[in-house]
Amino acid sequence: MSAPPLLERIGIPPTLKWGFAGLLVFMIGDGVETGYLSAFLVEEQGFSEGRVALVFTIYGITAAAAYWFSAALSDIWGPRRVMFLGAGIWIAFHVLFVAGGIMAHNYPLLLVSYAIRGFGYPLFGYAFLVWITASTETRRLGTAAGWFWFAYSAGFAALGPQLANLAIPLIGQLGTLWLGLVVIVAGALLMLLVRDPNGDRPTSAVDEKPLRSLLAGLTILWQRPRMSAGMLVRMINSIPQYGFIVFMPIFYTRELGFTLSQWLTVSSVMFVSNIFFNLVSGILGDRFGFAVVVRWMGGAGCAVTTLLFHYLPLTTHSYAAALITSVLYGATLAGFVPMSALMPTMAPDRRGAAMAALNLGAGLATAVGPAIVGITLPLFGVGGVMWVFAALYVVAALLTLVLKVPNSQAAEQIRA
């Protein structure tokens with residue numbers, strides 16, 4: 001018997017190889033602006049900080065809604081059409097945002113166009129995740145999900161900001177925004193090379209009514225309570241990440257005495273660690289079980305490393321300690337990657353609805369994380385917030401005890 005192709009051996013479905021490449025390139029284009037856009041709008045374009053904050057707040061709301069829509073619409077239309085819908089929204093409203101909002105200095109148009117553009121990247125990226133779950137056998141699904149998060153995070157958090165770092169000295173900040181558009185178009189075009197037929201098929205039953213299918217990501221939460229537990233685990237996974245944005249830069253610079261550059265390095269190291277361990281976590285999920293990895297590496301691991309992330313730098317005032325704990329937190333955070341494989345495996349007959357519920361949890365975290373900080377930080381300080389986050393991770397670990405796949409699916413996962 002001949003050896004399987006290299007891509008298959010490393011866990012990438014060969015029919016989706018161009019899809020992973022397209023996702024990586026698309027997320028590079030989406031991540032180009034993340035490191036400088038807010039400062040550019042305030043310092044170079046003269047918009048007030050309050051107005052810019054409102055822009056990003058509404059953008060976050062629309063993006064959170066799109067997390068859910070990406071899977072819900074894939075149930076009706078198939079993932080490929082949803083991906084191109086997302087790409088089309090991103091391209092059209094980015095042009096309006098830059099040309100009509102920024103260059104014409106039209107704040108209402110800037111606000112509206114950027115908000116609608118927020119639907120773009122989740123529809124593109126998360127619909128591809130649905131496509132992966134539809135095209136990958138269960139025993140390899142954890143590794144495939146790891147590759148998804150590797151491409152997604154590497155593009156958005158690592159390569160996108162680095163492209164901006166190289167481009168801004170050459171073409172300026174406004175020119176770099178146009179460069180992001182070019183990269184987005186390139187990523188979308190790569191998707192035309194994907195020939196996998198599952199991308200064109202609705203993930204719901206053929207005779208299911210569109211409205212019912214659209215709401216399935218919500219109704220499945222009470223029809224199958226384990227889906228609610230899975231959604232909560234996914235939400236807890238991201239709550240601290242969005243909470244850290246609110247107070248960690250201030251804590252590291254004002255209370256610990258590090259420079260802003262040092263904090264940014266600590267944050268970057270966390271993302272790099274997470275990107276690498278996304279692959280490791282997916283492989284471990286295929287080997288030992290999705291829920292087991294989420295429970296121990298994700299839930300229990302993050303509970304410990306969250307507290308280390310606070311107390312070790314606080315007690316030592318050591319920059320090296322801050323870097324080490326950042327690496328550890330990024331690594332354990334990757335332990336939640338198998339959730340992307342576990343949820344659709346728990347409901348093989350309703351994969352799209354399961355993914356919609358999973359994505360809903362991710363979207364809710366964008367609001368719940370900052371809200372927890374807003375409530376607990378004035379009462380208990382940074383240490384109190386970190387204990388709340390650690391406790392939530394313990395809850396996530398306990399919730400995985402009810403996340404079980406059907407026996408036939410479990411047997412398939414552990415077969416060699």
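What counts, and where the lines are drawn
Residues numbered from 1 in each chain as written. Predicted model: local features only at pLDDT ≥ 70, side-chain atom pairs only at ≥ 80, totals over all residues. Heavy atoms only, no water. Helix = DSSP H or I, 4+ residues; strand = E, 2+ residues; numbered from the N terminus. Rg over C-alpha atoms; globule rule 2.2 N^0.38 Å. Buried < 20%, exposed > 50% of the residue type's maximum accessible area, 1.4 Å probe, protein only. Contact = heavy atoms within 4.5 Å. Axes fitted to C-alpha atoms, helices over the stretch in contact; angles between N-to-C directions. Parallel < 35°, antiparallel > 145°, perpendicular 65-115°, else oblique. Left-handed = near helix turned anticlockwise from the far one by under 90°. Nonpolar A, V, L, I, M, F, W, Y, C, P; charged D, E, K, R; others polar. Core = buried A, V, L, I, M, F, W, Y, C linked by side-chain atoms within 4.5 Å. Salt bridge = Lys/Arg side-chain N within 4 Å of Asp/Glu carboxyl O.

Enquirer: So what exactly am I meant to see when it comes to the overall build of the chain here?
Expert: Within the chain, the regular secondary structure consists of 16 helices and zero strands. Since a compact globule built from 416 residues should have a radius of gyration of about 22 Å, the 21 Å found for the chain is in line with a globular shape. Projected onto its principal axes, the C-alpha coordinates of the chain cover approximately 60 × 50 × 45 Å. For the chain, buried positions account for 54% of its 416 residues. Of all intrachain contacts in the chain linking residues separated by at least 6 positions in sequence, the fraction that spans at least 24 positions is 84%.

Enquirer: How should I be thinking about the environment of L23 in this particular structure?
Expert: Here L23 is to be found in helix α2 (residues 17–31). A C-alpha to C-alpha distance of 9.9 Å links L23 and W149, two positions 126 residues apart in sequence. Not counting residues within four places of it along the chain, the set of residues in contact with L23 comprises F124, G125, F128, F148, A151, Y152 and M191.

Enquirer: Sorry if this is basic, but what is going on with the packing of helix α8 (residues 138–190) against helix α11 (residues 260–288) here?
Expert: When two helices pack together, their arrangement is given by the angle between their axes and by how far apart the axes lie. Direction vectors running N to C along α8 and α11 enclose 175°, while the axes themselves pass 6 Å from each other. One finds that α8 runs roughly antiparallel with respect to α11.

Enquirer: Looking at this structure, I do not really get the packing of α2 against helix α7 (residues 120–135). What am I missing?
Expert: Where α2 contacts α7, the axes come no closer than 11 Å and their chain directions differ by 160°. The orientation of α2 relative to α7 falls into the category roughly antiparallel. As α2 runs across α7, the sense of the crossing is left-handed. Here G19, F20, G22, L23, F26, M27 and D30 of α2 lie close against α7, whose contacting residues are Y121, F124, G125, F128 and I132. A class-by-class count of the residues in the contact of α2 with α7 yields eight nonpolar, three polar and one charged.

Enquirer: Would you explain the nonpolar core in this entry?
Expert: Note on soluble globular proteins: their nonpolar side chains tend to be buried together. In this structure, F128 and Y252 are the most contacted members of the largest nonpolar core, which totals 115 residues. A total of 17 residues in this core trace back to one element, the largest contributor, which is helix α15 (residues 351–399). Excluding residues within four positions of it along the chain, Y252 makes contact with G257, F258, W263, V266, F309, P313 and A322.

Enquirer: Would you mind showing me how to read the pattern of salt bridges here?
Expert: This model, assessed by the stated rule, comprises five salt bridges. Across the salt bridge formed by R117 and D30, the nearest N and O atoms sit 3.7 Å from each other. Of this pair, R117 sits in helix α6 (residues 107–117) while D30 sits in helix α2; the two residues are 87 residues apart in sequence, bridging distant segments of the chain. A salt bridge links R117 to E33; the nearest nitrogen and oxygen atoms lie 2.8 Å apart. Taken as a pair, R117 in helix α6 and E33 in the loop between α2 and α3 (37–44) lie far apart in primary sequence, 84 residues in all. Per residue, the accessibility class of R117 equals that of E33, and both read buried. Salt bridges linked by common partners bring D30, E33 and R117 together as one network.

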